[in-house]
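# Structure at a glance
Letter by letter, the chains look like this.
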Protein chains: 2
Amino acid sequence: MKVNIGISNRHVHLNKEHVAILFGSELTKLRDLVQLGQYACNEVVTIKTSKGEINNVRVLGPVRNYTQVEISKTDAYKLGLNPPVRTSGDLKGSESITIIGPKGEVTIEEGCIIANRHIHMNQETAHELGYINDQRVSVKIDTIKGGILENVHIKITDDGVLEMHIDTDDANAFLVEKGMTGEIIDGD
Amino acid sequence: MKVNIGISNRHVHLNKEHVAILFGSELTKLRDLVQLGQYACNEVVTIKTSKGEINNVRVLGPVRNYTQVEISKTDAYKLGLNPPVRTSGDLKGSESITIIGPKGEVTIEEGCIIANRHIHMNQETAHELGYINDQRVSVKIDTIKGGILENVHIKITDDGVLEMHIDTDDANAFLVEKGMTGEIIDGD
């Protein structure tokens, strides 16, 4: 079972209040993402801690009910953070970070995570493939520096488009580039 | 079969001529590495291309017959390079890079690689375990963001100490930290 791979670079989701503080206006679309209704914004921010900062971090739209900063372990070392590996929206006890925009800044007490590996799909595909939400599978990547990614979470949503999301550490470790596929080999 | 994991950050090996050009003196030992006779030096260099540079890159001793720069894919993107995945010393057709020291600089036509994953061992251990040189095995890493690293090369030398070397991309992708072990699960 082949699955397209999407590589998630560090990015930020914002709630309405934080968009207003950081930009003083609405988010504007740069380009659509594969997942329906999701898009990269023209807006970028700086994310900062007492140990370091990273510029030009893309904001993804649309606005959410929560603000969330998704980074890689490589980014975490640079920022002196130890974020938990989490599903989007599961932010309790995650790391604090400061987000700086052109019009203002916000420090969130929690919300900085390393996103878990996951495969988006809709209910119909999940039913066909026999998966339930948050089930974990393994995915084989066939490159000269490949292997098997374990603990890949099945993420079922109404608008889900079949696609695996991994972060830049996974992609760079396994030499995964845009357009590549992986193979779902089993459940854990 | 458990194996200790060593994480190799980007580093440089130098030949005698290049040590003289970059530092104007001999290499000096900072600390011994696990592999017998190998050591981290006090000396650091900058590695540079037309696209970017990385400072404070550690030189490893002792002096070798060839100069070699080992980086991760993450580093490669920053430097605008596409280095091949290679065994140490196998440098034909690998990437060109400039190395800058306090006393001078050197541009090597080839020598910049991404090191392949490998497990050091001596002849006796290899015989006991039934491995031959450059045989490839897979290693399972048991973390919340773990999996299986494939194409791990067995590297047999007289002074080899049983230890797997992976780069920082592999370590960060799989959340591997100093002191962790992996499990050799099979040959490819």
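Think of each chain on its own: its residues are numbered from 1, step by step along the sequence as written. As they are written, the chains are lettered A onward and the ligands numbered 1 onward, keeping that order. In keeping with the model being predicted, local features are shown solely for residues with a pLDDT of at least 70 and side-chain atom pairs are shown and tallied solely at 80 or more, while totals for entire chains, interfaces and linings include all residues. In computing side-chain properties, one takes all heavy atoms of the structure into account and sets aside hydrogens as well as water.

Close approach of charged atoms lets side chains of opposite charge pair. Salt-bridge detection follows one rule: a side-chain nitrogen of Lys or Arg within 4 Å of a carboxyl oxygen of Asp or Glu. A complete count under the given rule lists 16 salt bridges over all chains for this structure. Put simply, Arg-10 of chain A and Asp-75 of chain A hold a salt bridge, and the shortest N to O gap is 2.9 Å. Here Asp-75 of chain A lies in helix H2 (residues 73-79) and Arg-10 of chain A lies in the loop between strand S1 (2-8) and strand S2 (11-15), a separation of 65 residues in the sequence. A salt bridge links Asp-170 of chain A to Lys-145 of chain B; the shortest N-O distance between them is 3.4 Å. Of the two residues, Asp-170 of chain A sits in helix H4 (residues 168-173) while Lys-145 of chain B sits in the loop between strand S11 (136-141) and strand S12 (147-156), which places them in two different chains. By the burial criterion, Asp-170 of chain A is buried, and Lys-145 of chain B matches it. Strands are runs of DSSP state E lasting at least 2 residues, helices are runs of H or I lasting at least 4, and numbering of each runs from the N terminus. Remark: exposure states derive from per-residue accessible area (1.4 Å probe, protein chains only) relative to the maximum for the residue type, with buried under 20%, exposed over 50%, and partly exposed in between.

To continue, consider the relation of the copies chain A and chain B. When the copies are superposed, the least-squares fit draws on C-alpha atoms of residues that have pLDDT of at least 70 in both. Of the two same-sequence chains, chain A is brought onto chain B (RMSD 0.0 Å, axial shift 0.0 Å) by a rotation of 180°. In symmetry terms, the pair is related by a two-fold rotation axis. Relative to the rotation axis, the closest C-alpha in chain A is found at Ile-148 of chain A, a distance of 2.4 Å. Taken together, the interface assignments show that 100% of the residues at the interface of chain A recur at the interface of chain B, consistent with an identical surface on both copies. Note on definitions: a residue-residue contact is assigned when non-hydrogen atoms from the two residues lie within 4.5 Å.

Before going further, it helps to spend a moment on the interface of chain A and chain B. At the interface, 25 residues of chain A touch 25 residues of chain B. Here chain A packs against chain B, burying approximately 2100 Å² in sum over the two surfaces, 51% of which is carbon and sulfur. Area buried by chain A at its contact with chain B is led by Lys-145, Glu-150 and Asn-172 of chain A, which between them contribute 25% of it. Remark: the boundary between chain A and chain B carries 6 salt bridges. The shortest N-O distance in the salt bridge between Glu-150 of chain A and Lys-140 of chain B comes to 2.8 Å. Of all the elements in the fold, those that place two or more residues in the side of chain A that touches chain B are H2, strand S9 (105-115), strand S12 (147-156) and H4 of chain A. Among the elements that line the side of chain A that touches chain B, the one with the most residues is S12 of chain A, at 5 residues. Amino acids outside the nonpolar list (Ala, Val, Leu, Ile, Met, Phe, Trp, Tyr, Cys, Pro) and the charged list (Asp, Glu, Lys, Arg) are all regarded as polar, and Gly is one of them. Residue composition of the side of chain A that touches chain B, grouped by class: 10 nonpolar, 6 polar and 9 charged. Summed over both partners, the accessible area lost on bringing two parts together, with a 1.4 Å probe, is the buried area.

Residues and elements named next belong to chain A. Three or more residues of helix H1 (residues 16-23) are buried, namely His-18, Val-19, Leu-22 and Phe-23. Buried residues in H1, looked at end-on, bunch into an arc of 105°, giving them a common side. Exposed positions of H1 whose direction lies more than 90 degrees from the buried face are Lys-16 and Glu-17. By the N-cap criterion, in which a side-chain oxygen at the helix start approaches the backbone nitrogen of a residue two or three places on, H1 is capped by Asn-15, the distance to Glu-17 being 3.3 Å. Gly-24, located one to two residues past H1, shows a positive phi value of around 65°. This arc is built from the directions going out from the helix axis to the C-beta atoms. Counting of polar contacts relies on pairs of N or O atoms within 3.5 Å, with two restrictions inside protein: one atom must be capable of donating a hydrogen and the other of accepting it, and residues adjacent in sequence are counted only when both atoms are side-chain atoms.

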